[in-house]
Amino acid sequence: ANCLTPEVARRITEVRLDAVTVVRLEELREKANEGTISPLEQTEYEEFVEAYDLLVLLKNKAQRVLQRGTHG
């Protein structure tokens, strides 16, 4: 977080999944919940989840950088 400038932090907080990715993620989530997901799809789904978790962590760090800038 120390290497994030306010501008970079702001841009990170604005990152959103594109519509195609959201649709695919929902398809995989439904298949996983129904128990109809293939092994290849399961791997794809797990990779999506890991990437999403990383994005959430980055966004949280970026938000803290921005809050420090306004309160520090």
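Our structure's up above, just so we're on the same page.
Residues numbered from 1 in each chain as written. Predicted model: local features only at pLDDT ≥ 70, side-chain atom pairs only at ≥ 80, totals over all residues. Heavy atoms only, no water.

### A closer look at helix 2 (residues 19-34)
So, step 1. For helix 2, which comprises 16 residues, the first-to-last C-alpha distance of 23 Å matches the rise-based estimate of 22 Å (1.5 Å per residue) to within 8%.
So, step 2. Within helix 2 the residues assigned to the buried category are Thr21, Leu25 and Leu28. Angularly, the buried residues of helix 2 cover 65 degrees about the axis, an arc narrow enough to put them on a single face. Every exposed residue of helix 2 that faces more than 90 degrees away from the buried side is listed here: Ala19, Val20, Asn33 and Glu34.
So, step 3. For helix 2, the side-chain oxygen to backbone nitrogen distance between the N-cap and Val20 is 3.1 Å, and the N-cap itself is Asp18.
So, step 4. Once helix 2 finishes, Gly35 follows within two positions and takes phi at roughly 80 degrees, a positive value. (Helix = DSSP H or I, 4+ residues; strand = E, 2+ residues; numbered from the N terminus. Expected span 1.5 Å × (residues − 1). Buried < 20%, exposed > 50% of the residue type's maximum accessible area, 1.4 Å probe, protein only. Arc of directions from axis to C-beta. Polar contact = N/O pair within 3.5 Å; in protein donor to acceptor, adjacent residues only side chain to side chain.)

### Remarks on the pattern of salt bridges
So, step 1. Following the criterion strictly, the structure yields eight salt bridges and no others.
So, step 2. Close ionic contact of Glu27 with Arg24 constitutes a salt bridge, the shortest N to O distance being 3.2 Å. Residue Glu27 and its partner Arg24 are located together in helix 2, separated by three residues, close to a single helical turn.
So, step 3. According to the relative accessible area criterion, Glu27 is partly exposed, its value standing at 36%.
So, step 4. Close ionic contact of Arg24 with Glu44 constitutes a salt bridge, the shortest N to O distance being 2.7 Å. (Salt bridge = Lys/Arg side-chain N within 4 Å of Asp/Glu carboxyl O.)

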